[in-house]
Amino acid sequence: MPDMTELQPYADVYGKLAPLRRREADWLRVMRDDAMRSFLDQGFPTVQDEAWRYTDLRALSGTRFVTDPAASRTAFENEKSLRPELDVDTLFFVNGWFRPQISDQPAGVRVTSLPEAGHSPEFLETMRHFHHFPMDSLQELNVALGMGGVFIEVPDHTKLKRPLYIIHWSDSHGGLCQPKTVLRMGRGARATIIEDFRGAEGKMYFTNSMTETFLDRGAALEHCKLQSEDRAAFHAAVFRAIQTEESALSSISLAFGSRLARHTGDVLFSGPGAKCSLTALSVGEGDQVLDHVTGVDHASPACGSEQLFKNILGGSSRGIYTGRVLVRRDAQKSDAHQTNRNLLLSGMAKADSRPQLEILADDVKCSHGAVIGQLDEDSVFYLRSRGIDEKVARGILATAFAAEILEGIKHDGLKEKVLHRMREKLKRLGEET
Amino acid sequence: MTDPGSFLDKEYRYGFVTPVDSETAPRGLNEDIIRFISKKKNEPKFMLRWRLKAYAEWKKMKEPSWASVQYPAIDYQDIIYYSAPKSQKDGPKTMDEVDKEILKTYEKLGIPLEEQKRLAGVAVDAVFDSVSVATTFRGKLKESGVIFCPFSEAVRTHPELVEKYLGSVVPVTDNFFAALNSAVFSDGSFCYVPKGIRCPMELSTYFRINSADIGQFERTLIIADDDAFVSYLEGCTAPIRDKNQLHAAVVELVAHDRASIKYSTVQNWYAGDRDGKGGIYNFVTKRGLCKGVRSKISWTQVETGSAITWKYPSCILAGDDSVGEFYSVATVNNHQQADTGTKMIHLGKNTKSTVISKGISARFGKATYRGLVKIVPRAENARNYTQCDSLLIGDRCGANTFPYIEVENHSSRAEHEATTSRIDEDQLFYCRQRGMTAENAVSMIVNGFCKEVFRNLPMEFAVEATRLLGVTLEGSVG
């Protein structure tokens, strides 16, 4: 039974948000009511739940986080300093609320903030598809309380010239930030979106984000998520994609920050010939817990999925990978591969890996592999024999290990930015060990 | 091929019933039944206490539901927990005293005890329904100091060993089926190999369920003392019946310093008919404890029978430098379901484990590999290698792979690899264009797929396993 004293603050916030909900479409209100009820019934996941076996949320569930509607209007000054110095269109979320005033209006794309989008038939049509995915209670919480979101439509055959850069900034102590991004890619549309999660130093907040994308026939999406939250913060995010025929997706998740983070990537192939690539890199220090979960549902034949998840773990950090590939009956000619590689840099670090295949069709090529190990001592020796000191040598090898993931970032400016953040992180790791 | 699963088809050759009068306990389970069993077996007091404790624990437990298998609820009060061939009451002193009918049964099974007597090689302890019928070669084993006898006898003749080791690897509280087994187990095999002894022959147990409606609960306990070695084989069959029968066995292995135990199973319980009617529910707990330094436990299993298999032969690698191995072939055809795998728990330093698992699914069969590799912080320099491959034959079958890998120190290394695919068209084509029939080609490819595991079986079993898997193509020309 869930602990009601833990959940009461959320029920209270839900009551407080009632006036905002009244402005929304009926179907959205029903959906939120159902989700809230479901969240209160289940409570926060515990380690007894098989899916959360390695990720202990007690520190999170014991803290009271609140969503304050007033936070959606407060002044926000450091907008300029947060803007990426890249050739991109920027959208701002502050404490989980979308801020259209300070966001760019990208050309060729329709960007609508959520309460408004709720009344559009396109939004309803898009949201209908996502019922397919199973929900855990954190996702229910987002559906119930995530008021500040954005609906982005990329029309048919539109190719976005510049990436969409979505900044999620959090600075409210004890804040529950629940951004929601819904993206609809029209037929043959092409786009790159970057989600960048950051927060003010020392603030303990909880980001519970949801990004849902629908790829119409032949659409191609590149998605890159940077998680550099403050080390005091909690982070949970789900990225979902429905891929119809011949669509292509590449999603990269980079987990550097927060004390406990979980990224869930769910993909459904609803039409034949779709392809997806899910990759991730976690770099853990101190007592960080960095968790990645994936679920790829091959519901249509002739689709291909590729997963590569890497963890570099120092301090007493913990890296977790749970990947599920389901190939349904008659989804012949499926191609699915999962790889999870873990590098343990210190004696206290832990890695848990659960790659899972469920195959119900026979004409398939499916495989998975997982390795948990350490740097190759021969390689370290080689570098040292060339006059490189040990710390630097280990740094070089760890960077090389990570490079495979970063290579996947096609935008040069972004790649440089990520590389910089990773080097900083690895440097701290090197000093720690 | 018209029906790709047909190559695995085989008439179940062991589906006969032997008309032997048997003495059975009434249906159902309560403390009185346990007392009845204990009394029948003439057991010392500690055994009854232990059973009753297990029963009390079992009543508190819930049947596990996490495995990827589906079956109707089992009514545990509708099972007969004890059945013994009547004429066996006084126990055979020599082979000649064994019931002729029973001996005939074993002949049909292909393990004529008489012949075993002459052919030096395997010492057999045969368990018929719930009691141990005969143990061959006891004299010869005794010479070398090896104790190999039915469990019920060991309880009387070596109570101190039984009391010391029983439940030390699989405690009564371990899981639902192990607790049930602990409460009602009727017989099984016991083996103790003393210090420094290399067991002079392969030991073997043959299990058979004969009576209807009975559950078979056998218990096997093998102890290899310092520097000892033993190789143990286990085989199982049951008659064809429409109703599902329960088999919940527990096997415990203990290996002391530098000891080595090799445990091989060819499991060929009745699997049910083509529509999935009948068959054995095989819910087994097998675990080995590598207690001493440099000890080794190796599991090899060939799972071809049973309607449902639910078993995870595991190794607890407690001693430094100890080694655990698991080699498995699991075949599911028609409506069979198998959820099997292993646990390798690395506790000692420099421990090593190897897991090779091959799953073959045909028609509506569903095979699941579920495994855990756990390396705790103090298990420095531990090493694991896991490979599990699945072969799919037909588009209605399924294969799941659920490994769990947990590494908690940074000097250890764990590797896992798995693939799922069907038989390679090119390989098939190559064989066909060399003039092989489709069945022969499939059979050869499947045998090749399993070779790594068969190689680890003792000779006699390797032959049987290969035959079980491959030669049964007769009458299934596609």
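None of the values given here were measured: they were computed from a predicted structure.

Topic: the overall build of chain A
Turning to step 1, where the next piece is worked out: When its secondary structure is counted, chain A shows 11 helices and 20 strands.
Turning to step 2, where the next piece is worked out: Whereas a compact globule of 433 residues would reach a radius of gyration of roughly 22 Å, chain A reaches 21 Å, a difference of no more than 12%.
Turning to step 3, where the next piece is worked out: Projected onto its principal axes, the C-alpha coordinates of chain A cover approximately 70 × 50 × 50 Å.
Turning to step 4, where the next piece is worked out: Going through the 433 residues of chain A one by one, you find that 62% of them count as buried.
Turning to step 5, where the next piece is worked out: Contacts spanning at least 24 positions in sequence make up 85% of the contacts within chain A whose residues lie at least 6 apart.
Turning to step 6, where the next piece is worked out: Within the structure as shown, chain A displays about 16,700 Å² of accessible surface, and the carbon and sulfur contribution to it stands at 51%.
Turning to step 7, where the next piece is worked out: One way to put it: in chain A the 54 positive side-chain charges average out to a point 1 Å from where the 60 negative ones average out.

Here's the deal with the interface of chain B and chain A
How big an interface is tends to be reported as the loss of accessible area on association of its parts.
Turning to step 1, where the next piece is worked out: Taken together, the contacts link 30 residues of chain B with 36 residues of chain A.
Turning to step 2, where the next piece is worked out: Interface of chain B and chain A: buried area, both sides summed, is about 2,800 Å²; carbon and sulfur atoms make up 45% of it.
Turning to step 3, where the next piece is worked out: When residues of chain B are sorted by the area they lose upon contact with chain A, Y404(B), H410(B) and R422(B) head the list and together hold 21% of the total.
Turning to step 4, where the next piece is worked out: Taken together, chain B and chain A are joined by four salt bridges.
Turning to step 5, where the next piece is worked out: Between R53(A) and E406(B) there is a salt bridge; the shortest N-O distance is 3.5 Å.
Turning to step 6, where the next piece is worked out: The tally of links from chain B across to chain A stands at 18 residue pairs in polar contact (both at pLDDT 80 or more).
Turning to step 7, where the next piece is worked out: Those elements that provide at least two residues to the side of chain B that touches chain A are β23 (398-407) and β24 (413-422) of chain B.
Turning to step 8, where the next piece is worked out: Classifying every residue of the side of chain B that touches chain A gives 10 nonpolar, 12 polar and eight charged.
Turning to step 9, where the next piece is worked out: Two elements, strand β19 (residues 350-359) of chain A and β23(B), share six bridges in a ladder whose sense is antiparallel. Paired with S353(A) across the two strands is I405(B), which belongs to β23(B).

Quick word on the environment of T419(B)
Residue and element names in this part refer to chain B.
Turning to step 1, where the next piece is worked out: Locating T419 in the fold gives a position in strand β24.
Turning to step 2, where the next piece is worked out: Taking the relative accessible area as the measure of exposure, T419 reaches 34% and is therefore partly exposed.
Turning to step 3, where the next piece is worked out: Along the chain, T419 and D389 lie 30 residues apart, while their C-alpha atoms are 4.8 Å from each other.
Turning to step 4, where the next piece is worked out: Reaching out from T419, the side chain makes a polar contact with the side chain of D389 at a distance of 2.7 Å.

Let's talk about helix α3 (residues 26-42) of chain A
At 3.6 residues per turn, the α-helix brings residues three or four places apart onto the same side.
All names here are of chain A.
Turning to step 1, where the next piece is worked out: The end-to-end C-alpha separation of α3 is 25 Å, in line with the 24 Å expected for 17 residues at 1.5 Å each.
Turning to step 2, where the next piece is worked out: In this structure, the buried residues of α3 make contact with α1 (4-16), α2 (18-22), α6 (114-117), α7 (121-128) and α8 (137-145).
Turning to step 3, where the next piece is worked out: The first or second residue beyond α3 is G43, which carries a positive phi of 70°.

Considerations on the confidence of the model for chain B
Reading fine detail from the predicted coordinates is not recommended where pLDDT is low.
Residues and elements named next belong to chain B.
Turning to step 1, where the next piece is worked out: Here chain B averages 82 in pLDDT, while 78% of its residues score no lower than 70.
Turning to step 2, where the next piece is worked out: Model confidence for chain B, summarised as mean pLDDT per element, is weakest for helix α4 (residues 113-118) at 45 and strongest for strand β19 (residues 343-346) at 97.
Turning to step 3, where the next piece is worked out: The low-confidence segment residues 87-93, where pLDDT is below 50, has 10 contacts with residues more than four positions distant or belonging to other chains.
Turning to step 4, where the next piece is worked out: In the predicted structure, residues 471-478 sits below a pLDDT of 50 and forms 16 contacts with residues beyond four places in sequence or in another chain.
Turning to step 5, where the next piece is worked out: Overall fold confidence (pTM) sits at 0.88, and the ipTM for the predicted complex is 0.88.

A few points about the pattern of salt bridges
Turning to step 1, where the next piece is worked out: Summed over the entire model, instances satisfying the criterion amount to 57 salt bridges over all chains.
Turning to step 2, where the next piece is worked out: Taking the shortest distance from any N to any O, the salt bridge between E125(A) and R128(A) comes out at 2.7 Å. Taken as a pair, E125(A) and R128(A) lie in helix α7 at a separation of three residues, close to a single helical turn.
Turning to step 3, where the next piece is worked out: For K296(B), the salt bridge goes to E325(B), with nearest N and O atoms at 3.7 Å.

With respect to the side chain of Q178(A)
Turning to step 1, where the next piece is worked out: Relative to the helices and strands, Q178(A) is located in the loop between β6 (176-177) and β7 (180-185).
Turning to step 2, where the next piece is worked out: A polar side-chain atom of Q178(A) sits 2.7 Å from a polar atom in the side chain of N208(A).

Let's talk about the packing of α3(A) against α7(A)
Residues and elements named next belong to chain A.
Turning to step 1, where the next piece is worked out: Between α3 and α7, the least distance of the axes is 11 Å, while the angle of their chain directions is 35°. From α3, W27, L28 and M31 reach across to α7, where they touch F123, L124 and M127.
Turning to step 2, where the next piece is worked out: Here the contact of α3 with α7 is built from residues that sort into six nonpolar, no polar and no charged.

A closer look at the packing of aromatic side chains
Turning to step 1, where the next piece is worked out: Tallying each qualifying case throughout the model produces 31 aromatic pairs over all chains.
Turning to step 2, where the next piece is worked out: Seen in terms of ring centroids, F39(A) and F44(A) are 5.4 Å apart; in terms of plane orientation they differ by 85°. Their pairing is edge-to-face.
Turning to step 3, where the next piece is worked out: Ring geometry for Y263(B) and W299(B): centres 5.1 Å apart, planes at 55°, overall tilted. With Y263(B) in strand β12 (residues 260-267) and W299(B) in strand β14 (residues 296-303), the pair connects residues that are 36 residues apart, well separated along the chain.

As for the nonpolar core
Turning to step 1, where the next piece is worked out: Counting 88 residues, the largest nonpolar core has L145(A), Y76(B), Y81(B) and F190(B) as the members making the most contacts within it.
Turning to step 2, where the next piece is worked out: In terms of residue count, the dominant contributor to this core is helix α2 (residues 45-60) of chain B (seven residues).
Turning to step 3, where the next piece is worked out: A241(A), V267(A), F269(A) and A331(A) belong to the second-largest nonpolar core, a separate cluster that totals 44 residues.

Let's talk about the pairing of strand β14 (residues 275-284) of chain A
Residue and element names in this part refer to chain A.
Turning to step 1, where the next piece is worked out: Counting buried positions along β14 yields eight of 10 residues, so the element is predominantly enclosed.
Turning to step 2, where the next piece is worked out: For β14 and strand β16 (residues 304-313), the ladder comprises 10 bridges, and the chain directions are parallel. Of the residues in β16, the one forming a bridge with G284 is L313.

Regarding the pairing of strand β13 (residues 279-290) of chain B
All names here are of chain B.
Turning to step 1, where the next piece is worked out: Most of β13 is tucked away, with 12 of its 12 residues classed as buried.
Turning to step 2, where the next piece is worked out: Of the strand pairs in this sheet, strand β10 (residues 244-247) and β13 are connected by four bridges, and their pairing is parallel. Residue pairing across strands places L246 opposite Y281, the latter belonging to β13.
Turning to step 3, where the next piece is worked out: Where strand β11 (residues 250-255) and β13 come together, six bridges link them in parallel fashion. The partner of V250 across the bridge, within β13, is T285.
Turning to step 4, where the next piece is worked out: Pairing between β13 and strand β15 (residues 308-311): four bridges, direction parallel. Residue F283 lies in a different strand from β15, and its bridge partner there is W310.
Turning to step 5, where the next piece is worked out: Pairing of β13 with strand β16 (residues 314-317) involves four bridges; the strand directions are parallel. Within the sheet, the bridge partner assigned to L289 lies in β16 and is I316.

Describing the packing of α3(A) against α8(A)
Residues and elements named next belong to chain A.
Turning to step 1, where the next piece is worked out: Interhelical geometry of α3 versus α8 gives an angle of 145° and a closest axis separation of 8 Å. Crossing of α3 against α8: the hand is left-handed. On the side of α3, the interface is formed by M31, R32, A35, M36, S38, F39 and Q42, while α8 contributes S137, E140, L141, V143, A144 and L145.
Turning to step 2, where the next piece is worked out: Each residue belonging to the contact of α3 with α8 can be placed in one class, and the counts come to eight nonpolar, three polar and two charged.

What about unusual backbone geometry?
Turning to step 1, where the next piece is worked out: The backbone phi angle of N95(A) is positive, close to 50°, even though this residue is not glycine.
Turning to step 2, where the next piece is worked out: Inspection of the secondary structure puts N95(A) in the loop between β1 (89-94) and β2 (97-98).
Turning to step 3, where the next piece is worked out: Its identity as a non-glycine residue notwithstanding, R258(B) has a phi of 60°, on the positive side.
Turning to step 4, where the next piece is worked out: Topologically, R258(B) is positioned in the loop between β11 and β12.

Description of the environment of E464(B)
All names here are of chain B.
Turning to step 1, where the next piece is worked out: When you line up the elements, E464 lands in helix α11 (residues 459-471).
Turning to step 2, where the next piece is worked out: C-alpha of E464 to C-alpha of V266: the two residues are 198 residues apart in sequence and 8.3 Å apart in space.
Turning to step 3, where the next piece is worked out: For E464, the contacting residues outside a window of four places in its chain are Y206 and V266.

Thoughts on α2(B)
All names here are of chain B.
Turning to step 1, where the next piece is worked out: Helix length check: α2, at 16 residues, gives a terminal C-alpha distance of 23 Å against a target of 22 Å (1.5 Å per residue), a fit within 8%.
Turning to step 2, where the next piece is worked out: Of all the residues in α2, the buried ones are F46, M47, W50, R51, L52, A54, Y55 and W58.
Turning to step 3, where the next piece is worked out: Contact partners of the buried residues in α2: α1 (31-40), α6 (151-157), α7 (159-165), α8 (176-184) and β8 (218-224).

Analysis parameters
The written sequence of each chain sets the order in which its residues are numbered from 1. Key to labels: chains lettered from A, ligands numbered from 1, both in the order written. Residue-level local features of this predicted model are given only where pLDDT is at least 70; pairs of side-chain atoms are given and counted only at 80 or more, and the full residue set underlies all totals for whole chains, interfaces and linings. As a convention, hydrogens and water are excluded, and side-chain values are obtained from all of the structure's heavy atoms. Here a helix means four or more residues in a row that DSSP labels H or I, a strand means two or more in a row labelled E, and each is numbered from the N terminus. Only C-alpha atoms enter the radius of gyration, while the globule expectation follows 2.2 Å times N to the 0.38, with N the number of residues. Relative accessible area decides the class of each residue, using a 1.4 Å probe on protein chains only: under 20% of the type maximum gives buried, over 50% gives exposed, and in between gives partly exposed. By definition, residues are in contact when any of their heavy atoms lie within 4.5 Å. The accessible surface values rely on the Shrake-Rupley method and a 1.4 Å probe; as for residues, cover is taken only from the protein chains in view. Counting rule for charge: Lys and Arg are taken as positive, Asp and Glu as negative, and neither His nor the chain ends is counted. Each charge is placed at NZ for Lys, CZ for Arg, CG for Asp and CD for Glu. Accessible-area loss on putting two parts together, using a 1.4 Å probe and summing over both, is the definition of buried area adopted here. We define a salt bridge as a contact between a side-chain nitrogen of Lys or Arg and a carboxyl oxygen of Asp or Glu at a distance within 4 Å. We call two N or O atoms a polar contact when they sit within 3.5 Å, provided that within protein one can donate a hydrogen and the other can accept it, with sequence-adjacent residues counted only if both atoms are side-chain atoms. Residue polarity follows a fixed list, in which Ala, Val, Leu, Ile, Met, Phe, Trp, Tyr, Cys and Pro are nonpolar, Asp, Glu, Lys and Arg are charged, and the others, Gly among them, are polar. Two strands pair under a simple rule: DSSP has to find at least two bridges between them. To estimate how far a helix should extend, the number of its residues minus one is multiplied by 1.5 Å. The predictor attaches a confidence to each residue, and that confidence, scored 0 to 100, is pLDDT. All axes here are fitted lines through C-alpha atoms, helices being fitted over the stretch that makes contact, and every angle between N-to-C directions spans 0 to 180 degrees. A pair of aromatic rings is counted whenever rings of Phe, Tyr or Trp (Trp by its six-membered ring) have centres within 6.5 Å, and the orientation is called stacked for planes under 30 degrees apart, edge-to-face for over 60 and tilted otherwise. By nonpolar core is meant a set of buried Ala, Val, Leu, Ile, Met, Phe, Trp, Tyr and Cys residues that side-chain atoms within 4.5 Å join together. Definitions for this section: a left-handed crossing has its near helix turned counterclockwise from the far helix by less than a right angle. A right-handed crossing has that turn clockwise.

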